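Each chain, letter by letter, is given below.
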Amino acid sequence: MQHLIDRFISYVTIDTESDAHSPTTPSTAKQLDLANLLVHELQAIGLTEVTIDEKGYVMGTLPSNVDHEVPTIGFVSHYDTSPDFTGKGVSPQIVRNYDGGDIVLNAEKNIVLSPSYFEDLLLYKGQTLITTNGLTLLGADDKAGLTEIVSAMEYLVQHPEIKHGKIRVGFTPDEEIGRGADFFDVEQFGAQWAYTMDGSQLGELEYENFNAAGAKITFKGKSVHPGYAKGKMINSMLIANDFINALPKHEIPQETEGYEGFFHVTGLNGSLEETHLELIIRDHDRAKFEARKALVLQISADINARFAAQFGEDICIAEVKDQYYNMREKVEPMYFIVDLAEQAMRELGIEPLIKPIRGGTDGSRLSYMGLPCPNIFAGGHNFHGKYEYVPVESMQKAVDVIVKIAELTATTKFQ
Ligand SMILES: [Zn+2]
């Protein structure tokens, strides 16, 4: 396990924070520091076809070691970390034989990782945890995934008695800013399906995510001296308020879970003459998703009708854009790829936790680009902040799952 710890630490101590405001790919040049290290490691391990393109996408191949035909599969993770919290100067702490108590991340600043707030910690009593020093994120999202994929490939190279087909690995930049799949060359990758190693808790297996859209709505107003405003003034801020009130009150993130969709107001700023409202729309069900988008347009149309005579033109301009779709639609026709991951976990004594993702993954975009791509646990918790941690045992189990999936793919008869 020390080998896993060393590899993980070598990755997280390289700052790879992405930047949503940058137009380039990768969004930050420093991400290439890790991308290039990964290229060297894949070559050193003995993978073939190791490539990095000008956008920073890294790919490599573990060739098949059997004579019969086996589908080519892939494993994918991302090497950037979230801009939500700094990833500069990550100084990991290793807690061996965790006793189930509070972990002081930073005594000076009184930052404590406590099971009384983060109950999941108690799942890992007696294990080895890697935490932050309270001042940065850890970057287990998704450097745990990188560590697991590289280590599994290394293990398979060292254990030729384990039979497997051709395996492709792919590492992407900029996942955290929603662009990880943008320049992923699915054809060059050449796998029939893949798994992102980017989930959280041990056992997680996900093949459903939200359908997602974003709406930008502009409200126009008419400024008149408030003392003489009767019947003349139109206050765009109040119209925006009407709009929000016309949305279903309880269908919001803080009141929904599981398969329940929502509308989420993410931005609102305005003046009398112009107000901008931003919201996101999420639903796992495609028909309900379409209905939610239609509702936004209907509310806009109603407002326009109400003010048509007074304003003379549309007072409310709604732009609704789809962002990504539920991968279920693409995974379901080849559901055996989920079964395969589930079987791998069960054979390793891991209870699969199959649940819908209340968000998106690179895998959902890749699935629509022709690479069906469920998501498997990478082991970390509390992503994107100073309380992030990962149990080393979970990383080891993820390595085992990758190896087992490779093995099962070579021995399963697919239709
Ligand atoms: Zn991630």
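An unreviewed UniProt entry annotates the chain as Peptidase T originating from Flavobacterium fontis. UniProt, in its Subcellular location (unreviewed entry) section for the chain, records the words "Cytoplasm". Quoted straight from UniProt, the Catalytic activity (unreviewed entry) entry for the chain says "Release of the N-terminal residue from a tripeptide."

So, on to the UniProt feature "domain: Peptidase M20 dimerisation" (unreviewed entry) in the chain. Under the present numbering, the feature "domain: Peptidase M20 dimerisation" (unreviewed entry) in UniProt falls on residues 207–304. Annotation note: span residues 207–304, helix share 31%, strand share 30%, distance between end C-alpha atoms 40 Å.

Ile149, Ala194, Ala341, Ala398 and Ile402 are the most contacted members of the largest nonpolar core, which has 76 residues in total. Per element, the largest residue contribution to this core is nine residues, and it comes from helix H10 (residues 392–411). With residues up to four places along the chain from it excluded, the contact list for alanine 194 reads Ile73, Gly74, Phe75, Val76, Leu371 and Cys373. The next biggest cluster of nonpolar side chains, apart from the first, holds 22 residues, and it includes Phe210, Ala215, Cys316 and Tyr324.

UniProt feature "binding site: Zn(2+) 1" (unreviewed entry): in the numbering of this structure it lies at His78, Asp141 and Asp198. What stands out for the annotated residues spanning 121 residues is how close their C-alpha atoms remain, the widest pair being 8.1 Å apart. Considering the arrangement of structural elements, one finds histidine 78 in strand E3 (residues 73–78). For histidine 78, a count of 28 C-beta atoms within 10 Å gives the class buried. Sequence-distant contacts of histidine 78, defined by excluding residues within four places in its chain, comprise Asp142, Phe171, Thr172, Glu175, Gly180, Asp198 and Asp362. Considering the arrangement of structural elements, one finds aspartate 141 in helix H3 (residues 140–158). Apart from residues lying up to four places away in sequence, aspartate 141 is in contact with Ser82, Gly380, Phe383 and His384.

Here we take up unusual backbone geometry. For the peptide bond that leads from threonine 25 to proline 26, omega is -5°, which places it in the cis range. Tracing the backbone shows proline 26 in the loop between helix H1 (2–12) and helix H2 (31–45). Of the consecutive residues aspartate 141 and aspartate 142, the connecting peptide bond is found in the cis state with omega at 5°. Mapped onto the secondary structure, aspartate 142 falls in helix H3. For asparagine 110, which is not glycine, the phi torsion reads 55° and is therefore positive.

In this model helix H8 (residues 336–347) runs 16 Å from its N-terminal to its C-terminal C-alpha over twelve residues, within 8% of the 16 Å that 1.5 Å per residue would give. Buried residues of H8: Ile337, Val338, Leu340, Ala341, Ala344 and Met345, and no others. Taken end-on, H8 shows its buried residues confined to a sector of 160°, consistent with a single buried face. Every exposed residue of H8 that faces more than 90 degrees away from the buried side is listed here: Asp339 and Arg346. Just beyond H8, the residue with positive phi is glycine 349, at close to 75°.

Right, let's get into the domain arrangement of the chain. Taken as a whole, the chain is organised into domain 1 (2–208 + 327–411) and domain 2 (211–324). Each of domain 1 and domain 2 has a C-alpha centre, and these two points are 38 Å apart. Counting residues at the interface gives five residues for domain 1 and five residues for domain 2. Of the residues assigned to the side of domain 1 that touches domain 2, the class counts are one nonpolar, two polar and two charged.

Rules and cut-offs
- Residues numbered from 1 in each chain as written.
- Predicted model: local features only at pLDDT ≥ 70, side-chain atom pairs only at ≥ 80, totals over all residues.
- UniProt positions renumbered as here; feature names shortened; annotations may be inferred.
- Helix = DSSP H or I, 4+ residues; strand = E, 2+ residues; numbered from the N terminus.
- Core = buried A, V, L, I, M, F, W, Y, C linked by C-beta atoms within 7 Å.
- Buried ≥ 20, exposed ≤ 12 C-beta atoms within 10 Å, placed from the backbone.
- Contact = placed C-beta atoms within 7 Å.
- Expected span 1.5 Å × (residues − 1).
- Arc of directions from axis to C-beta.
- Domains from an automatic or database assignment.
- Nonpolar A, V, L, I, M, F, W, Y, C, P; charged D, E, K, R; others polar.

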